[in-house]
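Overview (structure and organization)
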Amino acid sequence: MTPNSPSGAHTDGVKKLKGLRYRNMSSQIVRKFSQNSQDISQEFQLPSAYESAMEALSTLITQKKRNGTSAISGQKTQNQKLDRMLRYIKSRGSLGNSHSTYQGRGKILGLEEKIAGLKIIHVAGTKGKGSTCAFCEAILRESGFRTGLFTSPHLIDVRERYRLDGLDICQENFLQYFWDCWNQLKANISEDLPMPPLFQFLTVLAFKIFVSEKVDVAIIEVGLGGKLDSTNVIKEPVVCGITSLGMDHMETLGDTLGQIASHKAGILKPQIPAFSVPQLSEAMEVLQERANELMIPLEVVAPLTLEKLNGTRLSLCGDHQLSNAALAVSLCKSWLRSTGNWKSRFEDVYEEDGLPEQFLRGLSAARLSGRAQIVVDPLNNASGGNKRLSGDLTFYLDGAHSPESMDACARWFSAAAVEQKDLSLSSVSSKVETMERSWTNGYIKHCHDKESDEILKRILLFNCMDTRDPQILLPKLVDTCASSGIYFSKAIFVPSISAYTKVTSATSTIPSYIPGKDLSWQFNLQRIWERIINGKDVLDQNLMLNASLGLPPREFLYEEASHRGPEDGYFACSSVVIPSLPLTINWLRDCVRENPSLRLQVLVTGSLHLVGDVLKLLRR
């Protein structure tokens with residue numbers, strides 16, 4: 001019996017489970033593996049404790065796809081979720097008479113009082129909150145503190161959401177805390193208090209991890225909104241921050257900037273210092289009104305200047321990061337003062353003269369995948385002597401999916417694409433370790449000995465969720481790039497791999513092609529693109545025919561649309577729909593392998609799901 005056969009996989013998997021320390025994992029999940037070993041082995045050749053945890057997490061997905069839920073019904077649902085969240089973190093004795101069902105059934109999680117001891121920095125906002133949290137974590141880590149960082153979403157593996165001292169939590173520790181939480185919650189569920197949905201469970205798990213690991217500071221990014229977000233069980237953070245606000249998640253937060261700001265302002269607490277970046281007047285009025293109600297000052301932080309940075313380059317790229325970094329600096333200073341650490345660690349620093357060295361190191365060391373990230377494809381860097389054997393394939397990844405973030409993405413790409421035009425292939429090692437180091441957000445190495453006949457093509461690789469408005473996003477991207485003299489040779493529209501029905505790990509199987517995949521949304525995106533670029537629609541019949549063929553010919557990259565007619569299919573278009581992301585990546589690689597003079601700069605944007613899928617494929 002081979003290990004890869006269904007029964008062999010099951011047997012080896014059970015042995016593996018028995019050999020691990022996680023014997024107390026949910027018996028329900030283990031039974032599922034025993035009863036359905038053939039189905040599971042088709043996706044996971046060797047079931048493991050980690051994969052079974054992903055299987056368990058997948059059962060908590062209650063929303064298969066984001067839809068147009070109204071703000072009113074969404075608020076009722078969120079109110080109920082927040083109430084349940086408070087009950088999940090309480091201990092048995094604190095549930096009170098109204099929850100007498102749980103009396104005598106054992107402790108739930110008992111985290112409520114311990115959360116208060118985490119010394120939390122709580123950050124909400126529409127865009128930039130992940131970057132701000134990453135800057136905060138790096139600054140305080142460089143200042144000598146044990147840090148915990150909780151962000152969302154994850155791009156490749158769920159453990160990305162939990163960082164301890166700057167590193168994703170290791171698999172072994174993740175499993176220990178995961179099953180502790182799972183089993184305690186499972187033992188206390190009832191009709192009135194079911195298992196939490198996915199994000200709530202992940203939030204509870206964050207508190208469990210940071211309490212157990214005894215971090216000095218926990219930096220917590222709000223998931224959605226603020227007032228009714230699962231993270232808002234935090235009653236007494238040390239300091240709160242609000243990043244730039246814009247129109248996003250309107251199906252839940254409301255369709256005006258004021259309504260959205262009201263949700264974000266819900267994280268502000270009495271007697272807790274609060275900071276914000278500059279906002280549009282409609283948003284700022286709401287934030288200020290809430291601060292006045294709580295009788296707390298709301299300090300508006302101006303973007304950092306180059307003089308203040310004293311030559312330090314931010315590790316996260318884009319002019320907008322100067323605002324996020326400035327907010328992080330203010331949040332960290334406030335946290336240090338409130339916890340009594342500023343004077344003891346930085347008393348010799350004259351503030352007006354610049355930033356402490358630890359702050360500068362943190363600002364240059366922060367990392368956040370999928371935001372203004374440049375990755376040189378490691379499979380297309382072979383060289384023989386001084387002769388290039390392959391072209392150059394570089395991916396520019398940014399998960400922008402709102403008008404404001406798309407504008408910032410376009411400005412970053414316009415600057416980065418020009419800056420990297422002299423990047424040497426020989427400066428990129430094919431080794432995985434070197435590739436990991438190249439997944440930074442700014443460092444560029446120049447050389448000037450490249451072939452004069454180099455062919456540069458800038459390609460857009462795009463997808464967005466159908467709750468977004470591509471008729472706003474795509475023109476914003478094109479117009480902002482064009483204002484800097486940057487134009488796309490072609491655009492590729494492709495569905496994401498990520499499913500809403502399950503949580504996968506970094507090693508999960510990725511199918512290269514799914515027959516019968518619905519591409520109607522990608523065709524819609526293509527039609528919008530063609531109207532932007534050419535001022536007219538392309539024939540639907542041609543689009544369907546071309547997509548059914550799978551891949552365009554190599555000539556697609558070189559032909560100008562104006563030189564062909566509709567009868568030429570692909571060549572009449574400035575864009576193409578490809579039915580599979582793995583096929584798309586392989587096709588781009590084949591194009592540069594075929595032509596050593598070809599340099600492709602591929603902007604991947606519109607969706608963090610798409611960006612995460614590309615990163616997962618490039619790491620394979």
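Provided above is the structure to which this section pertains.
The following refers to the structure shown. (Residues numbered from 1 in each chain as written. Predicted model: local features only at pLDDT ≥ 70, side-chain atom pairs only at ≥ 80, totals over all residues. Heavy atoms only, no water.)

As for the sheet that holds strand β6 (residues 239-242)
How we decide: Any two strands with at least two DSSP-identified bridges between them are counted as paired. Each helix is a run of DSSP H or I of at least 4 residues and each strand a run of E of at least 2, with the numbering of both proceeding from the N terminus. Every residue pair with non-hydrogen atoms within 4.5 Å of one another is taken to be in contact. Every axis corresponds to a line fitted to the C-alpha atoms, with the helix fit spanning only the stretch in contact, and the corresponding angles, defined between N-to-C directions, vary from 0 to 180 degrees.
Within the open sheet, the eight strands sit side by side as β4-β3-β2-β5-β1-β6-β7-β8. Their pairing is mixed. Every other strand in the sheet has two partners, leaving β4 (167-168) and β8 (298-300) as the edge strands with one partner each. Relative to β4, strand β3 (residues 162-164) runs antiparallel, the two sharing two bridges. Bridge pairing links Arg-163 to Asp-168 in β4. In the packing of helix α7 (residues 129-142) onto the sheet, contacts are made with β1 (120-124), β2 (147-150) and β5 (217-221), and the angle to β5 comes to roughly 170°.

What to know about the state of the cysteines
To keep things clear, this is the line we draw: Disulfides are defined as cysteine sulfur pairs within 2.5 Å. Between buried and exposed lies partly exposed: a residue is buried under 20% and exposed over 50% of the maximum accessible area for its type, with that area taken using a 1.4 Å probe on protein chains only.
One pass over the full model with this rule turns up zero disulfides. The structure places no disulfide on Cys-409, whose sulfur is separated from the nearest cysteine sulfur, that of Cys-481, by 7.3 Å. A relative accessible area of 1% means that Cys-409 is categorised as buried.

Re the packing of aromatic side chains
This is how the line gets drawn: The criterion for an aromatic pair is that two Phe, Tyr or Trp rings (for Trp, the six-membered ring) have centres within 6.5 Å, with stacked assigned to planes under 30 degrees apart, edge-to-face to planes over 60 apart and tilted to the rest.
Within the structure shown, the criterion is met by 21 aromatic pairs. Judged by centre distance (5.2 Å) and plane angle (85°), the rings of Tyr-396 and Phe-413 are edge-to-face. Within this pair, whereas Tyr-396 is found in strand β12 (residues 392-397), its partner Phe-413 is found in helix α17 (residues 403-419), the two being separated by 17 residues in sequence. Across the pair, Phe-413 and Tyr-396 agree in class, each one buried. Through a chain of ring-to-ring contacts, three or more aromatic side chains come together here, namely Tyr-50, Phe-150, Tyr-162, Phe-174, Phe-178, Trp-179, Trp-182, Phe-199 and Phe-201.

A short note on the pairing of strand β9 (residues 373-376)
The alternating pattern of β9 places Gln-373 and Val-375 on one face and Ile-374 and Val-376 on the opposite face, and all of these are buried. Where β9 and β12 come together, four bridges link them in antiparallel fashion. Note that in β12 the partner of Val-375 across the bridge is Phe-395.

Some thoughts on empty space enclosed by the protein
Going by this rule: Both cavities and pockets are sets of points on a 1 Å grid over the protein atoms alone; in a cavity a 1.4 Å probe fits but cannot get out, in a pocket the set is open with protein on both sides within 12 Å along at least five of seven lines, and lining residues sit with an atom within 4 Å of a point. Grid points are joined across faces, edges and corners, and a volume is the space filled by probe spheres set on the points.
A full pass over the atoms with the stated rule returns three cavities of 30 Å³ or more. Estimated volume of the largest cavity: approximately 110 Å³. Lining the largest cavity are Pro-495, Ser-496, Ile-497, Pro-511, Ser-512, Tyr-513, Ile-514, Lys-517, Pro-579, Ser-580, Leu-581 and Pro-582.

Digging into the sheet that holds strand β15 (residues 575-577)
Across the sheet, six strands lie side by side as β9-β12-β16-β13-β14-β15; this open sheet has mixed pairing. The strands lining the two open edges of the sheet, one partner per strand, are β9 and β15. For this sheet the average axis-to-axis angle between neighbouring strands, irrespective of direction, equals 20°. Relative to the sheet, α17 contacts β9, β12, β13 (455-462) and β16 (598-605), its axis offset from that of β16 by approximately 165°.

Such coordinate-based values are descriptive only and should not be taken to indicate function.
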